[in-house]
Amino acid sequence: MIIDADTIVAIATPPGKGGVGIVRVSGSQAAEIANKILGKLPASRQACFSKFVHSDGCVIDEGIALYFKSPNSFTGEDVLELQGHGGPVVLDLIVKSILQHGPRIAQPGEFSQRAFLNNKLDLAQAEAIADLIDAGSEHAAIAAQKSLQGVFSAQINELVEHLTELRIYVEAAIDFPDEEVDFLSDDKVTLSLAAISKKIKQIKKQAQQGCLMREGMTVVLAGQPNVGKSSLLNCLSGKDSAIVTAVPGTTRDVLINEINIDGLPVHIVDTAGLHESDDIVEQEGMRRAWEQIENADQILLVIDDVLGVRANDHALLSSFPKSIPVTIIHNKIDLSKKQEKLIERDDISAIYLSATQEIGIDKLRQHLKNIIGFKSDTESVFTARRRHLDALESASDYIESGSNQLQVYQAGELLAEDLRQAQRALSEITGEITADDLLGKIFSSFCIGK
Ligand code: GDP
């Protein structure tokens, strides 16, 4: 069923100048607008060269027009695409001419939202479009493409199907109480619950990788002045972003560089040296440094290995939030004459390296991937978002609770309710069941014209 909505228009290509710029129209007025602007309706799905004419008869541009008759279009509605010259003024003129005939400007993501509402895509696929456009690495783009092709959704749908079968079985047994005892002692339910739980865990693992590829990790470089934090930032990012001098207190503000380790986006944050200071600029720098530390996925406490771990470093270690893992970076091993080394431990790891001599940096890169459990292979990875992980987690909790209801309390009805909730949580991923405000939130983060 195609939802009857008003006609929308937007420039679909990015702002700025380019060879070609595309204006997109979607809705029931698309054919009428084609007739007004082009003087004809192009055959559906056939490129047609035409002049684009304003209502006063003035030719504003010429280019390719494409008409897609509903339901065979991206949105599922009648769609008109005008490919004109890619200049901001000419594209604005085309949009203005179209607006004269009744449509309104599209909201961000509204074309994709209509595609979703018209069942052209499910929600996870629609989100993958935004992820593909935003992809910061080839790995992330391949993963987003997999989700767009429906790899993630297919796994969720399979799970939902499995859950539905189990619900039918459980609910039928509840409806025939005489048989309920048999069903409760039946292995079928226990085995199905175990299989579903295993499958959710496996999908969640893949989704976590997909989420990491999208969001990456935030690593904060902390430590006393002059230990080599800025040198390490420059070395990891391969450019001289931070000023490096032998003068303590050079870095006074927060500096963030984006790097990519085999497809894992890493946001490296260099901070002001953490020490006692009366300088108000330095104090503000330190306040900002602590703000970054609180929000980090990983803290790298950099020390000068010639001086070793000092009392101040111990004080910093005990002040860091307990929930954030810390690695001690023993920098300047070229001066302390130590070998490069990585010691990975559950509590505090250590790496011996030299930022300026670029010794041991690969060990640090490997360590960052290990900490967050990132695997570089793109084979089994699809893009995923935090909300998908939350939904999988919630489904997993309901399955666990359902198993408990069955095994401990022999409570068939409570098991049935948990299964229903698990199914609802999974359906939120593909958007089969989704609250309107969530939809609004998801699509409003898209770019205009998508
Ligand atoms: P920050 O204040 O902690 O950001 O430290 P910087 O990165 O500004 O470095 C302070 C000084 O230590 C500079 O003179 C750097 O050249 C020097 N430095 C940093 N890392 C190394 C290293 O691995 N080996 C040597 N020999 N010097 C280093």
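These numbers come from a predicted model, not from an experiment.

**Student:** I keep staring at the sheet that holds strand β13 (residues 348-352) and nothing clicks. Help me out?
**Tutor:** The pairing of strands in a sheet comes from backbone hydrogen bonds and takes either a parallel or an antiparallel form. What the 7 strands build is an open sheet, ordered β8-β9-β7-β10-β11-β13-β12; its pairing is mixed. The sheet terminates laterally at β8 (255-261) and β12 (341-343), the two strands that pair on one side only. The mean angle between the axes of side-by-side strands here comes to 20°, regardless of whether they run parallel or antiparallel. Across 5 bridges, strand β7 (residues 217-223) lies against strand β10 (residues 298-304) in parallel orientation. Note on β10: the bridge partner recorded for Ala222 is Leu301. The strands touched by helix α10 (residues 280-294) are β7, β8, β9 (264-270) and β10; relative to β7, the strand with the most contacts, the crossing angle is about 140°.

**Student:** Sorry if this is basic, but what is going on with the packing of helix α8 (residues 187-215) against helix α14 (residues 386-409) here?
**Tutor:** For any two helices packed against each other, the geometry comes down to the angle between their axes and how far apart the axes lie. Where α8 contacts α14, the two axes come as close as 9 Å, and the packing angle between them is 160°. As far as their axial angle goes, α14 and α8 are roughly antiparallel. Handedness of the crossing formed by α8 with α14: left-handed. Here Val189, Thr190, Leu193, Ile196, Ser197, Ile200, Ile203, Lys204, Ala207, Gln208, Cys211 and Glu215 of α8 come into contact with α14, specifically with Arg386, Leu389, Leu392, Glu393, Ala395, Ser396, Ile399, Ser403, Leu406 and Gln407.

**Student:** What should I look at first to understand the packing of aromatic side chains in this one?
**Tutor:** Centre distance and the angle of the planes are the two values used to describe a pair of aromatic rings. Counted by the stated rule, this structure contains 2 aromatic pairs. Relative to Phe443, the ring of Phe116 has its centre 6.1 Å away and its plane inclined at 35°; by these criteria the two rings are tilted. Of this pair, Phe116 sits in helix α3 (residues 110-117) while Phe443 is found in helix α16 (residues 436-444), placing the two residues 327 residues apart along the sequence. Summarising the burial analysis for this pair, Phe116 and Phe443 share the class buried. With centroids separated by 4.5 Å and ring planes inclined at 15°, the aromatic side chains of Phe152 and Phe382 adopt a geometry described as stacked. Of the two residues, Phe152 sits in helix α6 (residues 151-175) while Phe382 sits in the loop between α13 (361-372) and α14, which places them 230 residues apart along the sequence.

**Student:** Sorry if this is basic, but what is going on with the site of the ligand here?
**Tutor:** Taken together, the neighbourhood of the ligand is formed by 18 residues, with Asn226, Ser230, Ser231, Ser354 and Thr356 sitting nearest. At a separation of 2.9 Å, an oxygen atom of the ligand approaches a polar backbone atom of Gly228. Taking Ser231, its side chain carries an N or O atom lying 2.6 Å from an oxygen atom of the ligand. Starting from 580 Å² of accessible surface for the ligand in isolation, the protein chains cover 86%. Of all elements in the fold, only α9 (229-237) and α12 (333-336) reach the threshold of two or more residues within the shell around the ligand. It is α9 that provides the largest number of residues to the shell around the ligand, a total of 3 residues. For the shell around the ligand, the per-class residue count stands at 6 nonpolar, 9 polar and 3 charged.

What counts, and where the lines are drawn
Residues numbered from 1 in each chain as written. Predicted model: local features only at pLDDT ≥ 70, side-chain atom pairs only at ≥ 80, totals over all residues. Heavy atoms only, no water. Pairing = 2+ DSSP bridges. Helix = DSSP H or I, 4+ residues; strand = E, 2+ residues; numbered from the N terminus. Axes fitted to C-alpha atoms, helices over the stretch in contact; angles between N-to-C directions. Contact = heavy atoms within 4.5 Å. Parallel < 35°, antiparallel > 145°, perpendicular 65-115°, else oblique. Left-handed = near helix turned anticlockwise from the far one by under 90°. Phe/Tyr/Trp six-rings, centres within 6.5 Å; stacked < 30°, edge-to-face > 60°. Buried < 20%, exposed > 50% of the residue type's maximum accessible area, 1.4 Å probe, protein only. Near = heavy atom within 4 Å. Polar contact = N/O pair within 3.5 Å; in protein donor to acceptor, adjacent residues only side chain to side chain. Areas by Shrake-Rupley, 256 points an atom, 1.4 Å probe, with all protein chains shown as cover. Nonpolar A, V, L, I, M, F, W, Y, C, P; charged D, E, K, R; others polar.

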